[in-house]
Amino acid sequence: MKQYDLAIVGAGIMGLAHAWHAARAGLSVVVFDRNPQACGASVRNFGMLAVVAQRPGPQLRDARRALACWQEVAAGAGIAMRQAGCLFLARVPEEMSVLSECAAVAKSVGHTFETVAKDKLNQYLGGSPTDHLLGGLWSPDAWKVDQRQAMVKMADWLRRDHGVTFHYSAQVNAVSKGVIETASGRVGAGHIILSAGDEFATLFPDAFRSTGVTRCRLQMMRTHPQPHGYRLVPFVLGGLSMTRYSVFDGCPSLGALQDYQTKNQARHLAQGIHVIACQEDDGSITIGDSHHYGSAPELTGADEIDQLILDDLAGLIALPKPKIADHWLGHYAHLPGVEVLVLTPGEGVTAVTMTNGQGMTHAFAVAENVIEELLGRAS
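What counts, and where the lines are drawn
Residues numbered from 1 in each chain as written. Predicted model: local features only at pLDDT ≥ 70, side-chain atom pairs only at ≥ 80, totals over all residues. Heavy atoms only, no water. Helix = DSSP H or I, 4+ residues; strand = E, 2+ residues; numbered from the N terminus. Rg over C-alpha atoms; globule rule 2.2 N^0.38 Å. Buried < 20%, exposed > 50% of the residue type's maximum accessible area, 1.4 Å probe, protein only. Contact = heavy atoms within 4.5 Å. Lys, Arg positive; Asp, Glu negative; His and termini not counted. Charge placed at Lys NZ, Arg CZ, Asp CG, Glu CD. Phe/Tyr/Trp six-rings, centres within 6.5 Å; stacked < 30°, edge-to-face > 60°. Axes fitted to C-alpha atoms, helices over the stretch in contact; angles between N-to-C directions. Parallel < 35°, antiparallel > 145°, perpendicular 65-115°, else oblique. Left-handed = near helix turned anticlockwise from the far one by under 90°. Nonpolar A, V, L, I, M, F, W, Y, C, P; charged D, E, K, R; others polar. Salt bridge = Lys/Arg side-chain N within 4 Å of Asp/Glu carboxyl O.

S.K.: Hey, could you run me through the overall build of the protein chain in this one?
M.R.: Looking only at helices and strands, the protein chain has 10 helices and 20 strands in total. For 379 residues, the compact-globule estimate of 2.2 N^0.38 gives 21 Å, and the protein chain sits close to it at 21 Å. By principal-axis analysis of the C-alpha atoms, the protein chain measures approximately 65 × 40 × 40 Å. Looking at the protein chain residue by residue over its 379 residues, the buried ones come to 54%. In the protein chain, of all internal contacts separated by at least 6 residues, the share reaching a separation of at least 24 is 76%. Once the 31 positive and 36 negative side-chain charges of the protein chain are each reduced to a mean point, those two points are 3 Å apart.

S.K.: Explain the packing of aromatic side chains here, please?
M.R.: Each aromatic ring pair is characterised by the separation of its centres together with the angle its planes make. One pass over the structure, following the stated rule, counts 7 aromatic pairs. Note on phenylalanine 88 and phenylalanine 248: the rings are 5.0 Å apart at their centroids and 85 degrees apart in plane angle, and the pair reads as edge-to-face. With a gap of 160 residues between them, phenylalanine 88 in strand E5 (residues 86–90) and phenylalanine 248 in the loop between helix H6 (239–242) and helix H7 (254–264) connect regions that are remote in the sequence. Across the pair, exposure class does not vary: phenylalanine 88 and phenylalanine 248 are buried alike. Where phenylalanine 166 meets tyrosine 168, the ring centres are 5.7 Å apart and the plane angle is 5 degrees; that geometry is what we call stacked.

S.K.: What is the right way to read the packing of helix H1 (residues 13–24) against helix H10 (residues 359–374) from this model?
M.R.: A pair of packed helices is characterised by two quantities: the angle between their axes and the separation of those axes. Running from N to C, H1 and H10 point in directions that differ by 40 degrees, and their axes come no closer than 8 Å. The orientation of H1 relative to H10 falls into the category oblique. The interaxial crossing formed by H1 with H10 has right-handed handedness. In this structure, H1 contributes Ile13, Met14, Ala17, His18, Trp20, His21 and Ala22 to the contact, and H10 contributes Gly359, Met360, Ala363, Phe364, Val366, Ala367, Glu368, Val370 and Ile371. Looking at the contact of H1 with H10 residue by residue, the classes come out as 12 nonpolar, 3 polar and 1 charged.

S.K.: Sorry if this is basic, but what is going on with the pattern of salt bridges here?
M.R.: Side-chain pairs of opposite charge can arise whenever the charged atoms involved come near each other. The full count for this structure, using the stated rule, is 15 salt bridges. Between glutamate 339 and arginine 55 there is a salt bridge, with the nearest N and O atoms lying 3.3 Å from each other. Here glutamate 339 is found in the loop between strand E18 (324–334) and strand E19 (340–346), whereas its partner arginine 55 is found in the loop between strand E3 (48–49) and helix H2 (58–77), with 284 residues between them in sequence. Here arginine 55 falls in the partly exposed class, since its relative accessible area comes to 36%. Here aspartate 326 and arginine 148 are joined by a salt bridge, their closest N and O atoms 3.4 Å apart. Here aspartate 326, found in strand E18, pairs with arginine 148, found in the loop between strand E8 (143–145) and helix H4 (150–162); they are 178 residues apart in sequence, far enough to count as distant. On the accessibility criterion, arginine 148 (33% relative accessible area) is partly exposed.

Okay, structure coming up:
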C-alpha cells in the first residue's frame, strides 16, 4: 500500500491550497477527485478574489494573506490574474449614502475606497451611459483569476514542481484512520483532509448533518464575447450587493437601504439576488447571481430569475451585446454565521469546508491554518 504523509479528497481550490501548503512544508501529498478535473464551486464562480468585500479585522487580514498566496501560486503556475478593482454603483440616494459612509471610514479600518462622482464613472465603464447613476465607490482591492483554468493549471504545477500526486476520476469510497479506499485500491496516509465542498453524502454524512450545514445554489450566466474591443475593467456591483457584503455592515444608512429594497426590490430579495458582472479574457461577461438555500433538488422559475438578474444589471450598465451564451448552476456549502467549517469526523481525519461562498478569497489562509496546526506550528 502506497504511503503518503497527507491525503486530500477534493481537487478544488480548498484541496489544492492544502496540497500547496503541505508540500511546501516538506510533506508527501496525494490528492483524489472523483471527476476528471475540478468542476464544482471552484470553477462555477466569478474568479473574484474579493478582498474588497471583507469585514475589517480578522476576515480582512485573512483575505490579504490568502491574496499573497494567490500571487505566488499564479506566478508559478501561469494562472491569468489581474487587479481588476471593484466599482459599486448607486442609482438611488439610499445607495449613495451607504457608499459615502463606507468611503469616509475606509482608511481607518484598513480598506481602500474612494467615491467616484457621476461625471467620472465613464472612465471605468467602457463607454456605458451613466446619466441614470448618482455615483460610485471604487476600490482596487479585487483581483480576477481565470476560474475555468486556474484549478487545472495549479494542479499541473503542484504535480510538476512540488511532487504532489493526483488521482482524478477516483471515487473515494471510504476513509478510516490512515487509509483511503477507492475502487482501484487502498492508499495510506499519516493524515487525511476532506475538502469536497458541498458534497456531504458520501463520507461521514452524520458528522456533517449534525452541524446543520446545507447547500446554496445560485444561477449564473455568461454573454458572448463583446464586440469592438469593449472592455469592462472592474467588477461591477449594485445596491443589492451593499446589503449582502459585510464590509458595509457599520454604515448608518444601511437600514434605510434595506427598507428601500424591501419596498422596491422584493422579487430580487426573494431570490437572493445581488448582481455582479465581470469580463473574461475572451471578452465575454460573466453575470450573476441568485442564492437559494436548502436541499431542494431543482430550482424553479429559472428563466424568471435570470431575467431579474439581467434587468438589474441593465439598470447599472449597458452591454453592447447582452445576449446570453451560457447558463449554469453554482453551488457551495452554507452555514449561517459560520465562515469556515472544520470538523474531525474520525481519528486522523479533518474535514474543511468554506460555508460563506468565499472559498476563492479565503482558501489559502484557511489551509495554511489547518496545515500549521497539523504540524504543531500554530501561532
